[in-house]
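One-letter residues, chain by chain:
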Protein chains: 2
Amino acid sequence: MAREITAEIISIGDELLIGQTINTNAGWMGEQLALVGIRAKRVLTISDDKREILQALTAATGDVVLITGGLGPTKDDITKHTLCEFFGMKLVRNKEVEARVVDIFVRMGRAPEDILEVNKAQADLPEGATVIPNERGTASGMWFEKEGRVYVSMPGVPYEMKAMMTATVLPALKDRFAPPTIVHRTILTTGLGESMLAKRIEAWEDSLETERIKLAYLPSPGIVKLRLSTYADSDAVGAHERVARKATELYTLIPELIFGEGEERLQNVIGRLLKDRHQTLSLAESCTGGFVSHLITTVPGSSAYYTGGVVSYANAVKMEELGIPSDMLELNGAVSQPVVEKMATGVRTALRTDWSVALSGIAGPDGGTPDKPVGTVWIAVAGPNGVQSKLVNFPGTRELVIERSALAGLNMLRKRLLENG
Amino acid sequence: MAREITAEIISIGDELLIGQTINTNAGWMGEQLALVGIRAKRVLTISDDKREILQALTAATGDVVLITGGLGPTKDDITKHTLCEFFGMKLVRNKEVEARVVDIFVRMGRAPEDILEVNKAQADLPEGATVIPNERGTASGMWFEKEGRVYVSMPGVPYEMKAMMTATVLPALKDRFAPPTIVHRTILTTGLGESMLAKRIEAWEDSLETERIKLAYLPSPGIVKLRLSTYADSDAVGAHERVARKATELYTLIPELIFGEGEERLQNVIGRLLKDRHQTLSLAESCTGGFVSHLITTVPGSSAYYTGGVVSYANAVKMEELGIPSDMLELNGAVSQPVVEKMATGVRTALRTDWSVALSGIAGPDGGTPDKPVGTVWIAVAGPNGVQSKLVNFPGTRELVIERSALAGLNMLRKRLLENG
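Residues numbered from 1 in each chain as written. Chains lettered and ligands numbered in written order. Predicted model: local features only at pLDDT ≥ 70, side-chain atom pairs only at ≥ 80, totals over all residues. Heavy atoms only, no water.

Peer 1: Got a sec to walk through the overall build of chain A? Specific residues and values, please.
Peer 2: Within chain A, the regular secondary structure consists of 16 helices and 17 strands. At 28 Å, chain A has a C-alpha radius of gyration far larger than the 22 Å of a compact globule built from 421 residues. Along the first, second and third principal axes, the C-alpha set of chain A runs to 85 × 60 × 40 Å. Counting all 421 residues of chain A, 54% fall into the buried class. A sequence separation of at least 24 residues applies to 68% of the contacts in chain A between residues at least 6 apart. Looking at chain A as shown, the accessible area adds up to about 17,600 Å², and 52% of this sits on carbon and sulfur atoms. Between the centroid of the 46 positive side chains of chain A and the centroid of its 52 negative side chains there is a distance of 3 Å. (Helix = DSSP H or I, 4+ residues; strand = E, 2+ residues; numbered from the N terminus. Rg over C-alpha atoms; globule rule 2.2 N^0.38 Å. Buried < 20%, exposed > 50% of the residue type's maximum accessible area, 1.4 Å probe, protein only. Contact = heavy atoms within 4.5 Å. Areas by Shrake-Rupley, 256 points an atom, 1.4 Å probe, with all protein chains shown as cover. Lys, Arg positive; Asp, Glu negative; His and termini not counted. Charge placed at Lys NZ, Arg CZ, Asp CG, Glu CD.)

Peer 1: Describe the domain arrangement of chain A, with residues and values.
Peer 2: For chain A, the domain assignment lists domain 1 (5-177), domain 2 (182-261) and domain 3 (266-419). Once you take the C-alpha centre of each, domain 1 of chain A and domain 2 of chain A turn out to be 36 Å apart. (Domains from an automatic or database assignment.)

Peer 1: So what about the environment of A:Ile324? Which residues, and what values?
Peer 2: With respect to the element layout, A:Ile324 can be found in the loop between helix 13 (315-322) and helix 14 (326-332). If we ignore the near neighbours within four places in the chain, the residues touching A:Ile324 are A:Lys318, A:Met319, A:Leu329, A:Val339, A:Lys342 and A:Met343.

Peer 1: Any chance you could break down the environment of B:Lys246 for me, citing the residues and the numbers?
Peer 2: Residue and element names in this part refer to chain B. Mapped onto the secondary structure, Lys246 falls in helix 10 (residues 236-253). Considered as a pair, Lys246 and Trp204 are 42 residues apart in the sequence and their alpha carbons are 8.2 Å apart. Residues in contact with Lys246, not counting those within four places in the same chain, are Trp204, Ser207, Leu208, Glu211 and Ile213.

Peer 1: Kindly report on the side chain of B:Arg416, identifying the contributing residues and their values.
Peer 2: Residue and element names in this part refer to chain B. Here Arg416 lies in helix 16 (residues 398-419). Among buried Asp, Glu, Lys and Arg side chains, Arg416 stands out as unpaired, with Glu419 the closest opposite charge at 4.5 Å. Polar contacts involving the side chain of Arg416 include one to the main-chain carbonyl oxygen of Val381, which spans 3.1 Å. Apart from residues no more than four positions distant in its own chain, Arg416 is found in contact with Trp355, Val381, Gly383, Asn385, Gly386, Val387 and Gln388. (Salt bridge = Lys/Arg side-chain N within 4 Å of Asp/Glu carboxyl O. Polar contact = N/O pair within 3.5 Å; in protein donor to acceptor, adjacent residues only side chain to side chain.)

Peer 1: Talk me through the sheet that holds strand 6 (residues 130-132) of chain A; I want residue IDs and the actual numbers.
Peer 2: Backbone hydrogen bonds hold the strands of a sheet together, and the pairing may be parallel or antiparallel. The strand order 6(A)-7(A)-8(A)-3(A)-1(A)-2(A)-2(B)-1(B)-3(B)-8(B)-7(B)-6(B) describes an open sheet built from 12 strands, whose pairing is mixed. Of all the strands in the sheet, just strand 6 of chain A together with strand 6 (130-132) of chain B have a single pairing partner and so form its edges. In this sheet, adjacent strand axes meet at a mean angle of 20° when their direction is disregarded. The pairing of strand 3 (residues 64-68) of chain A with strand 8 (residues 149-154) of chain A spans five bridges and is classified as parallel. Bridge pairing links A:Thr68 to A:Met154 in strand 8 of chain A. (Pairing = 2+ DSSP bridges. Axes fitted to C-alpha atoms, helices over the stretch in contact; angles between N-to-C directions.)

Peer 1: Can you lay out the packing of aromatic side chains for me, pointing to particular residues and giving the numbers?
Peer 2: Summed over the entire model, instances satisfying the criterion amount to 10 aromatic pairs over all chains. Geometrically, the ring pair formed by A:Tyr313 and B:Tyr306 is tilted, given 5.5 Å between the ring centres and 50° between the ring planes. Placement of A:Tyr313 in the loop between strand 14 (306-312) and helix 13 and of B:Tyr306 in strand 14 (residues 306-312) is noted, with the two residues assigned to different chains. With 5.8 Å between their ring centres and 65° between their planes, B:Phe86 and B:Tyr151 make a pair best called edge-to-face. Of this pair, B:Phe86 sits in helix 4 (residues 79-87) while B:Tyr151 sits in strand 8 (residues 149-154); the two residues are 65 residues apart in sequence, bridging distant segments of the chain. (Phe/Tyr/Trp six-rings, centres within 6.5 Å; stacked < 30°, edge-to-face > 60°.)

Peer 1: I'd like to hear about the pattern of salt bridges, residue by residue, with values.
Peer 2: A side chain of one charge can pair with a side chain of the opposite charge if their charged atoms are brought near each other. All names here are of chain A. Applying the stated rule across the entire model yields 33 salt bridges over all chains. A salt bridge links Arg39 to Glu4; its shortest N-O distance comes to 2.9 Å. One end of the pair, Arg39, is in strand 2 (residues 38-46); the other, Glu4, is in the segment before strand 1 (5-12), with 35 residues separating them in the sequence. Residue classification places Glu4 among the partly exposed residues on the basis of a relative accessible area of 27%.

Peer 1: Can you lay out the interface of chain A and chain B for me, pointing to particular residues and giving the numbers?
Peer 2: Residue-level contacts link 71 residues of chain A with 70 residues of chain B. Together, the buried faces of chain A and chain B total about 5,600 Å²; carbon and sulfur atoms form 54% of this surface. By the criterion of area lost to chain B, the three top residues of chain A are A:Leu17, A:Arg42 and A:Tyr313, representing 10% of everything that side buries. Applying the counting rule to chain A against chain B returns four salt bridges. With a shortest N-O distance of 2.7 Å, A:Arg352 and B:Glu320 are connected by a salt bridge. There are 23 residue pairs in polar contact (both at pLDDT 80 or more) connecting chain A and chain B. It is strand 2 of chain A that contributes the most residues to the side of chain A that touches chain B, eight residues altogether. Of the residues contributing to the side of chain A that touches chain B, the split by class is 29 nonpolar, 26 polar and 16 charged. One ladder, built from five bridges, connects strand 2 of chain A with strand 2 (residues 38-46) of chain B; its direction is antiparallel. Across the sheet, residue A:Leu44 finds its bridge partner in strand 2 of chain B, namely B:Leu44. (Buried area = accessible area lost by both parts, 1.4 Å probe. Nonpolar A, V, L, I, M, F, W, Y, C, P; charged D, E, K, R; others polar.)

Peer 1: Any chance you could break down the confidence of the model for chain A for me, citing the residues and the numbers?
Peer 2: Mean pLDDT over chain A works out to 92, with 98% of the residues at or above the 70 mark. Interface confidence for the predicted complex, given as ipTM, is 0.81, next to a pTM of 0.80. (pLDDT = per-residue confidence, 0-100.)

Peer 1: Summarise the environment of A:Gly367; cite the residues concerned and give the values.
Peer 2: Residues and elements named next belong to chain A. Following the sequence through the fold, Gly367 ends up in the loop between strand 15 (355-361) and strand 16 (376-383). Residue Gly367 is classed as exposed on the basis of its relative accessible area of 54%. C-alpha of Gly367 to C-alpha of Thr45: the two residues are 322 residues apart in sequence and 44 Å apart in space.

Peer 1: Can you lay out the side chain of B:Ser389 for me, pointing to particular residues and giving the numbers?
Peer 2: Residues and elements named next belong to chain B. With respect to the helices and strands, the residue Ser389 is situated in strand 17 (residues 386-393). One polar contact links Ser389 to Glu341, side chain to side chain, over a distance of 2.6 Å. If near-sequence neighbours (up to four positions away) are discounted, Ser389 is found in contact with Gln337, Val340, Glu341, Trp378, Ile379, Ala380 and Met412.

Peer 1: Any chance you could break down helix 15 (residues 337-350) of chain A for me, citing the residues and the numbers?
Peer 2: Residues and elements named next belong to chain A. The end-to-end C-alpha distance of helix 15, which contains 14 residues, comes to 20 Å, matching closely the 20 Å that a straight helix rising 1.5 Å per residue would cover. By the burial criterion, the buried members of helix 15 are Val339, Val340, Met343, Ala344, Gly346 and Val347. In an axial view of helix 15, the angular spread of the buried residues amounts to 170°, which keeps them on one side of the axis. Where helix 15 ends, the next residue or the one after it, Arg352, has phi of about 50°, a positive value. (Expected span 1.5 Å × (residues − 1). Arc of directions from axis to C-beta.)

Peer 1: How would you summarise the sheet that holds strand 12 (residues 258-261) of chain A if you had to cite specific residues and measurements?
Peer 2: All names here are of chain A. Read from one edge to the other, the open sheet built from four strands follows the order 10-11-9-12, with strand pairing classed as antiparallel. Of all strands in the sheet, those with a lone pairing partner are strand 10 (214-220) and strand 12, marking the two edges. In this sheet, neighbouring strand axes are inclined to one another by 25° on average, regardless of whether the strands run parallel or antiparallel. As defined by bridge partners, strand 10 adjoins strand 11 (residues 223-231) across seven bridges and the pair is classed as antiparallel.

So, in structure tokens, the structure goes:
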């Protein structure tokens, strides 16, 4: 097996440390590196401070060190000078880059004689570094080598950095290190928490080792992602087969829990199922307050199958818009099986759709009773074969009750759609 | 002035390094630390690997080391064992924590005898560490001290970590280190982008220096937060007065742009205004697909003033549920002033509320025309004094168009509520 190639990412910028900007660059870079077989093993975020930067460069390990940030024209951007000090290089004006910088400002409408020296100084680059062109801005990237290690400095602006990585850095790293290929597959599950799921698939998980496959659990509210990964070594086809074999076993083991793979979301899966069937959907939401509708409409093109919905927060709306009899509400309460089923059939009839989902529950923090504590939620799905409902209970904050109820409702609809071919 | 107190944040998790999860915890923690006068100077992200974790703990600097992640019940979560090794402690079952874990599962409907050993093992904690209760989950936090440095280990799940930080860790750090007091005030604006806003308040911003006040712009879609901060030194009252004086000037300068302070959100401000007036609200949403309704119902107690809403994705719903005449739709299209105004008055009448907001637009990525490009959105607010509408245009992704339209609709309602005393 080829040697593992590792990378360290150094993100420079005070704004990242005080929560002003979320460091989305590092995750993206880690993902891109993984796709070419390089493992990001550390991300270090530090401030725009010369001593901190020098210390980080000195302590950096791995084959590749990717540095972002601190290349702007303002005073607090000091990465370039610090790199010069670290590599023992001096800055020289790069005429080609200077012409490009001038050209950018001229195209923005600045007269050549009005271009500030501080902007032209962006063409001052360390003598001995390889310049990486910036297609989208004035700060060039820089490629250094020292004692077998590659250091790449890039701007922190995500869309400049991403273009530079894609066009130049990733291909150059592949050429330089010929890293082993890693095969990934991420299987998405819903309906069981992380520990119950782990118990359910324990034997399967134990069997992964002989196939040299690693498994990671990636939980988020209502969803657990299972990521399988393995090195391809010299046999990429074999690695894909090993992963595919284990994935197939998993599909056999927990068919009802798997709703998709990779970046898919439940609402996209449902959208595809509805489109395939030329069917439509409506919603009646109480405790989720429009969140299911929001999820459905995040999908581009959802107007092809989503007709609309009613958010029936007040009982009057449940009665008038959804046709719930007032004695049914009085007898059972709004959070009850008869009411949620009537909500589902009521909206399905009113909006003349093939399918509908209804939710009624207690999102909290107030409104709970000993009988129906916060987190009690009734969910109903109505369709061509009638209406079905179930009671769920999700402990947690108002936000979590809403989120998990919504996912449970979407998952119940997904299963019904699959049962109905 | 007191000595500066510094912190290092160590985020543990493979999912953070390969871009599967964005590390939002670290930025939030840095922001919260800054609010109590502690400066986060490094964030280190590493994988769930014992050697990496030990190395990070050994190399950590600063007065405080905050560690998140790797406390889950599954096999790949190894932080706890590694902490034991680093501090030379052994794990012992904490009976109190075990009882809490059991209680959580019982409340979720699990029989006590069915609770897995792997879940109970969450109560195995390092002997000698101070246990930090987890109000929202089964993994406890741990507080260690070694050679004058404080180490705190917390779960990586953001809502568990945040509750732990707020309730226990931040107050304890303040007690332990008595960092210099920083006076903050965050003023929330909407309606102008960051650079336009900066130009508008340029002279005021220049005047902050003489008062030793720092200003930070914290932009997010549709909202720019302005954070004023100053060291209190030995004069906390004077510092509050300096900040208050400048804040008052800002309120005079841009009254129409300010909607609140601190952690307030537009939907909370609106909730308060409606409650004060004993008035009610309904919604008719097209392009925002239920997102405004979702925002309104994230506020606990919103059922006191929010009656409900209609998501009219299909034209048929606009006609039948909201009473839009079909010739009006044909003549003007769904994204038009007459239709959005009729949506607002229609839902206000149908749901018998004092106020209503309606939105109709093109969220994209498809559906745009030269006349009405993606991002074109009509917004109407109907109330006791009639209906008003306006046309806005937000460039960007589908997600951004939805988010910014929703905020613009809420802000329009807020202004109308204020005009109507």
